[in-house]
Amino acid sequence: MKQDAPQTPEAGGATGKVAVKLVATWIVLPSFLLVVSGDPAWWEVWGYSVILLVPMTAFAASTARRDPGFFARRSKMQEKERAQRHLQAWGAPFFLASFVVPPLDH
């Protein structure tokens, strides 16, 4: 049986921040989509939220249990290549648009 990695204070803080962000995502994502669509009975929002958030929560919980330092390491990580940073900067508006356009179409 694999022994758990020792948990450092830094790892615990990062895991706590991830937990807070995850809870906020469970509230903000469906709320945002429902507000933009203007229809609380739009069942696709609820389905999309469950399909997206359940695996995300399961991954975060299992990762926090297996490797507590993972989130601390990932939060410090930045893209080293200039081209990747530019790609992320240009891609961000399209990523955000992918959450805004579907509810407007409803």
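In what follows, the structure referred to is the one given above.
This structure is a prediction, so every number in the text was calculated from the model and none was measured.

Reading the values: the criteria
- Residues numbered from 1 in each chain as written.
- Predicted model: local features only at pLDDT ≥ 70, side-chain atom pairs only at ≥ 80, totals over all residues.
- Heavy atoms only, no water.
- Salt bridge = Lys/Arg side-chain N within 4 Å of Asp/Glu carboxyl O.
- Buried < 20%, exposed > 50% of the residue type's maximum accessible area, 1.4 Å probe, protein only.
- Patch = residues over 30% accessible without salt bridge, like charges linked within 9 Å, V, L, I, M, F, W, Y side chains within 5 Å.
- Areas by Shrake-Rupley, 256 points an atom, 1.4 Å probe, with all protein chains shown as cover.
- Helix = DSSP H or I, 4+ residues; strand = E, 2+ residues; numbered from the N terminus.

Caption draft 1: Looking closely at the pattern of salt bridges. Using the criterion set out here, one finds one salt bridge in the structure. Across the pair Arg73 and Asp67 runs a salt bridge whose closest N-O atoms are separated by 2.5 Å. For Arg73, a relative accessible area of 48% translates into the label partly exposed. Looking at Asp67, the relative accessible area reads 25%, which means it is partly exposed.

Caption draft 2: Inspection of a nonpolar patch on the surface at higher detail. The grouping of Val23, Trp26, Ile27, Val28, Phe32, Val50, Val54, Val100, Val101 and Leu104 at the surface amounts to a nonpolar patch, some 880 Å² of accessible area in total. Within the residue set of the nonpolar patch, elements represented by two or more residues are helix 1 (9-37), helix 2 (43-66) and helix 4 (82-105). When residues of the nonpolar patch are assigned to their parent elements, the largest contribution, five residues, is made by helix 1. With respect to the helices and strands, Val101 occurs in helix 4. Judged by its relative accessible area of 49%, Val101 falls in the partly exposed class.

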